[in-house]
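# Close look at the chain arrangement
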Amino acid sequence: LHSAAFPIEYREPDLQVSNLTLPANAKSGQTIPVSFTVSNVGNRATRVGQWLDRLFISTDASLDSRDYELTSINRSSVLGVGESYRVTVDVTLPE
């Protein structure tokens, strides 16, 4: 019986949102433009080629049933390591 050490590399995508842009003086009921960038900073491409980017408005840092979904955007291609995409969408703020 022999044994030997060998390295195991954990490889996963890691999608991060950055460069969020929206008007500073938005008011309830207004339709406003929102832009953001999604980047894969992980060490492998996404395993699926389709998902939803969803935008919520919340009064705290936790996503829960009290939060309001502003929109969802369909993404329909794999995102490779180091790749990113920019989203710009108009959303209507709740009253």
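Scroll up to find the structure.
Cut-off values and rules
- Residues numbered from 1 in each chain as written.
- Predicted model: local features only at pLDDT ≥ 70, side-chain atom pairs only at ≥ 80, totals over all residues.
- Heavy atoms only, no water.
- Pairing = 2+ DSSP bridges.
- Helix = DSSP H or I, 4+ residues; strand = E, 2+ residues; numbered from the N terminus.
- Axes fitted to C-alpha atoms, helices over the stretch in contact; angles between N-to-C directions.
- Core = buried A, V, L, I, M, F, W, Y, C linked by side-chain atoms within 4.5 Å.
- Buried < 20%, exposed > 50% of the residue type's maximum accessible area, 1.4 Å probe, protein only.
- Contact = heavy atoms within 4.5 Å.

Adjacent strands of a sheet form backbone hydrogen bonds with each other and so pair up, either parallel or antiparallel. Pairing in this open sheet of 3 strands is antiparallel, and the strands run β1-β2-β5 from one edge to the other. The open sheet has two edge strands, β1 (15–21) and β5 (84–92), and neither has a second partner. Averaged over all pairs of adjacent strands, the angle between strand axes in this sheet comes to 25 degrees, irrespective of strand direction. Where β1 meets strand β2 (residues 31–40), 5 bridges bridge the pair, whose relative direction is antiparallel. Directly across from Ser18, in β2, lies its bridge partner Thr37.

With that settled, consider the nonpolar core. Phe36, Leu55, Tyr85 and Val91 are the most contacted members of the largest nonpolar core, which totals 14 residues. Mapped onto this core, the elements with two or more residues apiece are β2, β3 (51–57), β4 (68–75) and β5. The contact partners of Tyr85, leaving out residues within four places of it in the chain, are Phe36, Thr37, Val38, Trp51, Asp53, Arg75 and Leu79.

From the geometry alone we can't say anything about function, so treat these as descriptive.
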